[in-house]
Amino acid sequence: MADAPDRYLSPNHGPRRNGLRPSLIVLHYTAMDSAEAACARLCDPAAEVSAHYLITGKGETVPLVPEDQRAWHAGAGGWQGRDDINSRSIGIELDNRGNHPFSEPQMATLETLLRGIMQRWSIPPEGVIGHSDMAPGRKIDPGPRFDWPRLARLNLAGKGRQYAEKNRGSDPTPAAFIAAAHAAGYTATDDIDLLLHSTRLRYAPWRKGPLCAADMTLGHDL
């Protein structure tokens, strides 16, 4: 994969619409058996999918689409009341099938890549989200095994504390939970089951059962 940046540059991209600039970074997993297979698909014009970067399990970075271009990674959904996430974001694919931990070299490379992107485009930690965050019910990546707390401790992803403090002690009613989730950015749906599943994937993947008081803080209190 040493020559991957030249060999795998994806043709699947276009200009960002309406003059939009990246204000989000969306994290994905590939759900494929190898980084090579993922690269082939992300560079296949017939597949009509791409991302800006792929990070292999060994921690190699494969640039696929220039950051100033619109890659085709997010699809339908929304965040903070905004749509066309492709035009608003930079997409990073992580070589992972979704059923095993993310490797240490991969996470270390991701941290370095995130720092550079966030600096270049003035993206705050709260702008680093998962595919499941902006597409509840449609996508689950980067999945329950992804180490969001690690990124949050390094200030490379939102900690959720503002929502935790604001909603601590609130009654866990459906309406109150939906309002809390929307305040955190989850605006693609009002379906409480989808929102509960998506917020737990991000903040409390161990939690099961019906809506509870801990869900009101999004379960993330580092």
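Before reading on, note that the structure itself is shown above.
The following refers to the structure shown. Note that the coordinates shown come from a computational prediction; the quantities given were computed from them, not determined experimentally.

Let's shift gears to the pairing of strand β2 (residues 24-29). Across the 6 residues of β2, 6 count as buried, placing the element largely inside the fold. As paired elements, β2 and strand β6 (residues 89-94) share 6 bridges and run parallel to each other. From the neighbouring strand, Ile25 faces β6, where its bridge partner is Ile90. Bridging between β2 and strand β7 (residues 128-130) involves 3 bridges; their strand directions are parallel. Within the sheet, the bridge partner assigned to Leu27 lies in β7 and is Gly130.

Further remarks concern the sheet that holds β7. Sheet strands line up and pair through hydrogen bonds in the backbone, either parallel or antiparallel. The 5 strands lie next to each other as β4-β3-β6-β2-β7, forming an open sheet whose pairing is mixed. Of all strands in the sheet, those with a lone pairing partner are β4 (61-63) and β7, marking the two edges. Going from strand to strand, the sheet's axes swing by 25° on average, the running direction of each strand aside. Lying over the sheet, helix α4 (residues 104-121) contacts β2, β3 (53-55), β4, β6 and β7, oriented at roughly 175° with respect to β6.

Relative to the 16 Å expected for 12 residues at 1.5 Å per residue, helix α9 (residues 192-203) spans 16 Å between its end C-alpha atoms, a close match to the ideal helical length. The inward-facing, buried residues of α9 abut β7, α5 (131-134), α6 (148-153) and α8 (174-184). Between a side-chain oxygen at the N-terminus of α9 and the backbone nitrogen of Asp193 the separation is 2.9 Å; the capping residue is Asp191.

Here His73 lies in the loop between β5 (69-71) and α3 (85-88). Here the side chain of His73 touches Ser89 through a polar contact of 3.0 Å, side chain to side chain. Here His73 is in contact with Val26, His28, Ser50, Ala51, His52, Asn86, Ser89, Ile90, Gly91 and His131, once residues within four sequence places are set aside.

A few words now on the environment of Ile117. With respect to the element layout, Ile117 can be found in helix α4. Given the relative accessible area of 0%, Ile117 is considered buried. The spatial distance from the C-alpha of Ile117 to the C-alpha of Pro105 is 18 Å, given a sequence separation of 12 residues.

Viewed as axis vectors pointing N to C, α8 and α9 meet at an angle of 50°, and their least axial separation amounts to 10 Å. Judged on the interaxial angle alone, α9 and α8 are oblique. When the axes of α8 and α9 are compared, the crossing they make is left-handed. Note on element contacts: α9 touches α8 through Ile192, Leu195, Leu196 and Thr199, opposite Pro174, Phe177, Ile178, Ala181 and His182. Taken together, the residues of the contact of α8 with α9 sort by class into 7 nonpolar, 2 polar and no charged.

Another aspect to go through is the nonpolar core. The nonpolar side chains of a soluble globular protein tend to be buried, and buried together. The biggest cluster of nonpolar side chains holds 23 residues, and the ones touching the most others in it are Leu27, Ile92, Leu110, Leu114 and Leu151. Every residue in contact with Leu114, bar those within four places of it in the chain, is listed here: Ile25, Leu27, Ile92, Val128, Leu151 and Leu156. The next biggest cluster of nonpolar side chains, apart from the first, holds 19 residues, and it includes Val26, Met134, Leu195 and Leu196.

Where charged atoms from two side chains of opposite charge approach closely, those side chains can pair. Under the defined criterion, the tally for this structure stands at 7 salt bridges. In this structure, the salt-bridge partner of Arg150 is Glu111, at a minimum N-O distance of 2.5 Å. Of this pair, Arg150 sits in helix α6 while Glu111 sits in helix α4, and the two are 39 residues apart along the sequence. The structure contains a network of salt bridges with shared partners spanning Glu104, Glu111 and Arg150.

What counts as what
Residues numbered from 1 in each chain as written. Predicted model: local features only at pLDDT ≥ 70, side-chain atom pairs only at ≥ 80, totals over all residues. Heavy atoms only, no water. Buried < 20%, exposed > 50% of the residue type's maximum accessible area, 1.4 Å probe, protein only. Helix = DSSP H or I, 4+ residues; strand = E, 2+ residues; numbered from the N terminus. Pairing = 2+ DSSP bridges. Axes fitted to C-alpha atoms, helices over the stretch in contact; angles between N-to-C directions. Contact = heavy atoms within 4.5 Å. Expected span 1.5 Å × (residues − 1). Polar contact = N/O pair within 3.5 Å; in protein donor to acceptor, adjacent residues only side chain to side chain. Parallel < 35°, antiparallel > 145°, perpendicular 65-115°, else oblique. Left-handed = near helix turned anticlockwise from the far one by under 90°. Nonpolar A, V, L, I, M, F, W, Y, C, P; charged D, E, K, R; others polar. Core = buried A, V, L, I, M, F, W, Y, C linked by side-chain atoms within 4.5 Å. Salt bridge = Lys/Arg side-chain N within 4 Å of Asp/Glu carboxyl O.

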